Amino acid sequence: MINHWELTKSKLLSLEDALALTKTLKNQGKKIVFTNGCFDVLHLGHVSYLAKAASLGDCLVVALNTDTSVRAQNKAPNRPIHDEGARRLVIASLSCVDGVILFDENTPLNAIETLLPDVLVKGADYDAKEVDKDSARYIVGSDVVIKNGGEVATIEFVEGHSTSNILSK
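Note that the structure is a prediction, hence the values are computed from the model and not measured.

Reading guide: rules and limits
As a convention, each chain's residues are numbered from 1 in the sequence order in which they are written. Since the coordinates come from a predicted model, pLDDT governs what is reported: local features require at least 70, and pairs of side-chain atoms require 80 or more to be given and counted, while whole-chain, interface and lining totals use all residues. The basis for every side-chain value is the complete set of non-hydrogen atoms in the structure, without hydrogens or water. For this analysis, a salt bridge means a side-chain nitrogen from Lys or Arg found within 4 Å of a carboxyl oxygen belonging to Asp or Glu. Strands here are runs of E lasting at least two residues and helices are runs of H or I lasting at least four, both read from the DSSP assignment and numbered beginning at the N terminus. A 1.4 Å probe rolled over the protein chains alone gives each residue an accessible area, and that area as a share of the maximum for its type sets the label: buried under 20%, exposed over 50%, partly exposed in between. Should DSSP find at least two bridges between two strands, the strands are taken to pair. Counting rule for disulfides: a pair of cysteine sulfur atoms within 2.5 Å.

### Describing the pattern of salt bridges
- Summed over the entire model, instances satisfying the criterion amount to 5 salt bridges.
- Glu 151 is paired through a salt bridge with Lys 31; the nearest N and O atoms lie 3.4 Å apart. Residue Glu 151 is located in strand β5 (residues 151–155), and its partner Lys 31 is located in the loop between α2 (15–27) and β1 (32–37); the two are separated by 120 residues in the primary sequence.
- Exposure remark for Glu 151: the relative accessible area of 40% places this residue in the partly exposed category.
- Under the relative-accessibility criterion, Lys 31 is labelled partly exposed at 32%.
- For Asp 40, the salt bridge goes to Arg 79, with nearest N and O atoms at 2.8 Å. With a gap of 39 residues between them, Asp 40 in the loop between β1 and α3 (44–54) and Arg 79 in the loop between α4 (67–72) and α5 (84–92) connect regions that are remote in the sequence.

### Notes on the pairing of strand β2 (residues 59–65)
- Taken across its 7 residues, β2 has 7 buried, putting it largely inside the fold.
- With burial as the criterion, each face of β2 is covered, one bearing Cys 59, Val 61, Ala 63 and Asn 65 and the other bearing Leu 60, Val 62 and Leu 64.
- Relative to β2, β1 is paired through 6 bridges, and the arrangement is parallel. Of the residues in β2, the one forming a bridge with Gly 37 is Leu 64.
- Of the strand pairs in this sheet, β2 and strand β3 (residues 99–103) are connected by 5 bridges, and their pairing is parallel.

### Let's talk about the state of the cysteines
- If you walk through the whole model with that rule in mind, you get 0 disulfides.
- Cys 96 supplies the cysteine sulfur nearest to Cys 38, a cysteine that is in no disulfide, at a spacing of 17 Å.
- Between Cys 96, a cysteine without a disulfide, and Cys 59, which holds the nearest cysteine sulfur, the sulfur-to-sulfur distance is 11 Å.
- In this structure Cys 96 comes out as buried when scored by relative accessible area, which is 18%.

This is how it looks when you write it as structure tokens:
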């Protein structure tokens, strides 16, 4: 019998643990997918996005903004709604997610440079072809991933499902 709680907790990784995991999997010919976000109030749009991202490879690593990092984004004065520990466990509980790391910086660039994923994924409000780092549509770390032979992809949103819409209700 599978112990789902232990399985979920085993997906909570440090950056060093994630590096060891991704190196092992890459040596086995597996494709590593990376995405990041706050994932504060999990909803259909998030679940759809993460499942589609996972479908682009063999292992999905999600970099989650810490509470400090979320506040620095100035999303709203009351964000995050759920603390990083809760958000981390909720994301790790999803079967399509293989590992969850935290990042405290404004962007996940350090994690991307460390893990060098094969596929970097963001939502369709970003542009996989944007090279201007000052553009709001630029995907942080895309240059690093492409330089190392990887690819950058975007995933369309599920219409009507966003954290902002949920919170405004």
